[in-house]
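Report on the structure
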Amino acid sequence: QVQLVESGGGLVQAGGSLRLSCAASVSDFSINSMEWHRQTPGKQRELVATVTNGGSTNYRASVKGRFTISRDNAKNTVYLQMNSLKPEDTAVYYCRVTATQISSTRTFQYWGQGTQVTVSS
């Protein structure tokens, strides 16, 4: 089983910074990619950033140059450093982990509980 615990959300003024963390507790799993998604009311959840187990990263266009995704494989933790925040970044942020069960080699995806980020203008 994989359990995800997110932290780091909050209220910040435009131009400010926040750092989100998502720690995975794993048993019999190997973590592959780790992602951050976000969702606002009435809209579909959207992918914000991805980091592979090899460290390759990818970002949606609107956050490039402002957000940085990273991971600590020893701690099974993924981070999202968000700088120069804008009101349109306001959303609930979710981490998602793709993991392979070692005993079965099956792959599963798990979601964190979400953390609110609010950027005031």
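Structural notes, computed from the coordinates. (Residues numbered from 1 in each chain as written. Predicted model: local features only at pLDDT ≥ 70, side-chain atom pairs only at ≥ 80, totals over all residues. Heavy atoms only, no water.)

The next point concerns the nonpolar core. Ranked by size, the top nonpolar core spans 30 residues in total, and within it Trp-36, Leu-80, Met-82 and Tyr-93 carry the most contacts. Breaking this core down by element, the ones donating at least two residues are strand S1 (2-7), strand S3 (18-26), strand S4 (29-39), strand S5 (46-51), strand S7 (67-72), strand S8 (77-82), strand S9 (91-101) and strand S11 (115-120). Residue contributions to this core peak at five residues, all from S9. (Core = buried A, V, L, I, M, F, W, Y, C linked by side-chain atoms within 4.5 Å. Buried < 20%, exposed > 50% of the residue type's maximum accessible area, 1.4 Å probe, protein only. Helix = DSSP H or I, 4+ residues; strand = E, 2+ residues; numbered from the N terminus.)

Further remarks concern the sheet that holds S8. On the basis of which strands lie adjacent, the open sheet formed by four strands has the order S1-S3-S8-S7 and antiparallel pairing. Both edges of this open sheet fall to S1 and S7, since each of them pairs with a single strand only. Strand-to-strand twist of the sheet, defined as the mean angle between neighbouring strand axes without regard to direction, takes the value 15°. Both S1 and S3 contribute to a ladder of six bridges, which runs antiparallel. What sits directly across from Gln-3, in S3, is Ser-25. (Pairing = 2+ DSSP bridges. Axes fitted to C-alpha atoms, helices over the stretch in contact; angles between N-to-C directions.)

Attention now goes to unusual backbone geometry. At Asn-76, a position not held by glycine, the phi torsion is positive, near 50°. Position of Asn-76 relative to the elements: it lies in the loop between S7 and S8. Despite not being glycine, Ser-84 has its phi angle at roughly 50°, a positive value. Structurally, Ser-84 is set in the loop between S8 and S9. Of the residues examined, Ser-84 reaches a relative accessible area of 41% and is grouped as partly exposed.

Turning next to the packing of aromatic side chains. A complete count under the given rule lists four aromatic pairs for this structure. Arranged with centres 5.9 Å apart and planes meeting at 70°, the rings of Phe-29 and Phe-108 form a pair that is edge-to-face. Separated by 79 residues along the polypeptide, Phe-29 in strand S4 and Phe-108 in strand S10 (residues 107-111) bring together distant segments of the chain. Its relative accessible area of 9% is what places Phe-29 among the buried residues. Between Phe-29 and Tyr-110, the aromatic rings sit 5.8 Å apart at their centres with planes inclined by 90°, giving edge-to-face as the arrangement. A residue pair is termed long-range when its members are at least 10 positions apart, and Phe-29 in strand S4 and Tyr-110 in strand S10 qualify at 81 residues. (Phe/Tyr/Trp six-rings, centres within 6.5 Å; stacked < 30°, edge-to-face > 60°.)

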